[in-house]
Amino acid sequence: MEISSQFYNVNGIVLHAAIAGPQQGKVMLFLHGFPEFSLGWKKQLTFFAAKGFRVIAPDQRGYNLSSKPKGVKAYRIENLVEDMVALIKQLSTEKVILVGHDWGGGVAWELAGQHPELIEKLIILNMPHLKVFRETLKNNARQMLRSWYTGFFQIPFLPEWVSSWFNYKLMERSMIGTALQHTFTRLEIGQYKAAWRQPGAVRAMINWYRAYKYSRPAYKRIQIPTLILWGTQDKFLLPQMAAKSNMLCAKGKLIYIDDATHWLHHEKAAKVNQLILNFL
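So, here is what we can say about the structure in this document. (Residues numbered from 1 in each chain as written. Predicted model: local features only at pLDDT ≥ 70, side-chain atom pairs only at ≥ 80, totals over all residues. Heavy atoms only, no water.)

Looking only at helices and strands, one finds 12 helices and 8 strands in the chain. Its C-alpha atoms give the chain a radius of gyration of 17 Å, within 12% of the compact-globule value 19 Å for 280 residues. Taken along its principal axes, the extent of the C-alpha atoms in the chain is 45 × 40 × 40 Å. Considering the chain as a whole, with its 280 residues, one finds that 57% of them fall into the buried category. Put simply, of all contacts in the chain between residues at least 6 apart along the chain, 75% involve residues at least 24 apart. For the chain, the exposed surface amounts to about 11,900 Å²; the carbon and sulfur share of it is 56%. Distance between charge centroids for the chain: 3 Å, based on 35 positive and 19 negative side chains. (Helix = DSSP H or I, 4+ residues; strand = E, 2+ residues; numbered from the N terminus. Rg over C-alpha atoms; globule rule 2.2 N^0.38 Å. Buried < 20%, exposed > 50% of the residue type's maximum accessible area, 1.4 Å probe, protein only. Contact = heavy atoms within 4.5 Å. Areas by Shrake-Rupley, 256 points an atom, 1.4 Å probe, with all protein chains shown as cover. Lys, Arg positive; Asp, Glu negative; His and termini not counted. Charge placed at Lys NZ, Arg CZ, Asp CG, Glu CD.)

With that out of the way, let us pick up the environment of Ser-5. Of note, Ser-5 is situated in strand S1 (residues 4-10). Spatially, the C-alpha atoms of Ser-5 and Leu-280 are 25 Å apart, while their sequence positions differ by 275 residues. Side-chain polar atoms of Ser-5 contact the side chain of His-16, separated by 2.9 Å. (Polar contact = N/O pair within 3.5 Å; in protein donor to acceptor, adjacent residues only side chain to side chain.)

Turning our eyes to something else, we now look at the packing of aromatic side chains. Inspection of the entire model under this criterion finds 25 aromatic pairs. Between Phe-236 and Trp-263, the ring centres sit 6.4 Å apart and the planes meet at 85°, which makes this aromatic pair edge-to-face. Of this pair, Phe-236 sits in the loop between strand S7 (226-231) and helix H10 (240-246) while Trp-263 sits in the loop between strand S8 (252-257) and helix H11 (264-267), placing them 27 residues apart in sequence. One exposure class covers both Phe-236 and Trp-263, and it is buried. Here the guanidinium or amino end of Lys-121 rests over the ring plane of Phe-279, the centre of that ring lying 5.0 Å away. Positioned over the ring face of Tyr-219 is Arg-134, at 4.4 Å from the centre of the ring. (Phe/Tyr/Trp six-rings, centres within 6.5 Å; stacked < 30°, edge-to-face > 60°. Lys NZ or Arg CZ within 6 Å of the ring centre and 35° of its normal.)

Among the secondary structure elements, Ala-204 is positioned in helix H9 (residues 201-211). For the pair Ala-204 and Arg-61, spaced 143 residues apart in sequence, the C-alpha to C-alpha distance is 8.0 Å. The contact partners of Ala-204, leaving out residues within four places of it in the chain, are Gly-62, Lys-68 and Tyr-75.

This part covers the side chain of Asn-273. Turning to its location among the elements, Asn-273 is positioned in helix H12 (residues 269-279). Note on Asn-273: relative accessible area 3%, which makes it buried. A distance of 3.2 Å separates the side chain of Asn-273 from the backbone oxygen of Lys-43, its partner in a polar contact. Within polar-contact distance, the side chain of Asn-273 engages the side chain of Gln-44 at 3.1 Å. Dropping the residues within four chain positions of it, Asn-273 is found in contact with Lys-43, Gln-44, Phe-47 and Phe-48.

A few words now on the packing of helix H2 (residues 77-91) against helix H3 (residues 103-114). The geometry of H2 relative to H3 is characterised by a closest axis approach of 9 Å and an angle of 75° between their N-to-C directions. As summarised for this structure, H2 and H3 are arranged roughly perpendicular, according to the angle between their axes. For the pair H2 and H3, contact is made by Ile-77, Leu-80, Val-81, Met-84, Val-85 and Ile-88 and by Trp-103, Gly-106, Val-107, Glu-110 and Leu-111, respectively. In the contact of H2 with H3, the residues fall into 9 nonpolar, 1 polar and 1 charged. (Axes fitted to C-alpha atoms, helices over the stretch in contact; angles between N-to-C directions. Parallel < 35°, antiparallel > 145°, perpendicular 65-115°, else oblique. Nonpolar A, V, L, I, M, F, W, Y, C, P; charged D, E, K, R; others polar.)

On the surface, Ile-155, Leu-158, Trp-161, Trp-165 and Phe-166 cluster together into a nonpolar patch covering about 570 Å² of accessible area. Its location among the elements puts Leu-158 in helix H7 (residues 158-176). Overall, the relative accessible area of 33% leaves Leu-158 in the partly exposed class. (Patch = residues over 30% accessible without salt bridge, like charges linked within 9 Å, V, L, I, M, F, W, Y side chains within 5 Å. Salt bridge = Lys/Arg side-chain N within 4 Å of Asp/Glu carboxyl O.)

This brings us to the sheet that holds S7. Across a sheet, paired strands are connected by hydrogen bonds in the backbone, their directions being either parallel or antiparallel. One open sheet holds the 8 strands; their spatial order is S1-S2-S4-S3-S5-S6-S7-S8, and the pairing between them is mixed. Both outer strands of the open sheet, S1 and S8, are each paired with one neighbouring strand and no more. When strand polarity is set aside, the average angle formed by the axes of neighbouring strands in this sheet is 20°. Bridge count for strand S3 (residues 27-31) against strand S5 (residues 96-101) is 4 bridges, and the pairing is parallel. Bridged to Met-28 within S5 is Ile-97. Here H2 sits on the sheet and contacts S1, strand S2 (13-20), S3, strand S4 (54-58), S5 and strand S6 (119-125); the angle it forms with S1, its principal contact strand, is near 115°. (Pairing = 2+ DSSP bridges.)

Put into structure tokens, the structure is as follows:
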């Protein structure tokens, strides 16, 4: 199934997106996390497009070919959510299926909580509800240690410099070193590096972390049907946050995948895709 590109004017910026599937198909919106971009979902895009869904994976603001507004506050969660609200209203007059991983999962949690009228079903991969994440970071030393890099990212200029060293070696290792062996091919890493090389991309991506202290999440309980998939070998996020997040869902279902890491949609694509399809 061919994946094509399209650009959308939303919320005062331009978002690039990877799209596939029949025009009349039910819309599925896939939101990537750090440091990925739209094609991080390619195994899901091709699968669900072949099943008749209209699949869209945007490069979120600051990433790859999408706009990179200047200033840290441009990347507050409020702006990220409003980007997706505007995009959904362009994509469909009906409710959509929303899928999010990592930071994209954070946006998805907030979007589903604030705008349930736009979302039919929510699927989250390895990202806690933002209320759970906030409380765990404050009270759990193990999670504080796992999230050390978020503190480093608060320093001006240095994180961009270090992240770009030696052809983005640190960012490459942050993925390869925390995934199962052979998860990412050389071709895929090359595609990621091409996205990171876009002017202003690394700074904008890191600004997502810097902007969070200025954000005002709603932290709402989720009323729509929700599926949480969690790779338990995640090196960044404690698995206990998955169960706590599920408790904030009125119609939640949690499935642990014990032989997967934070990058479960790459490592166990067939299993993840089938679990999502069963849920839908």
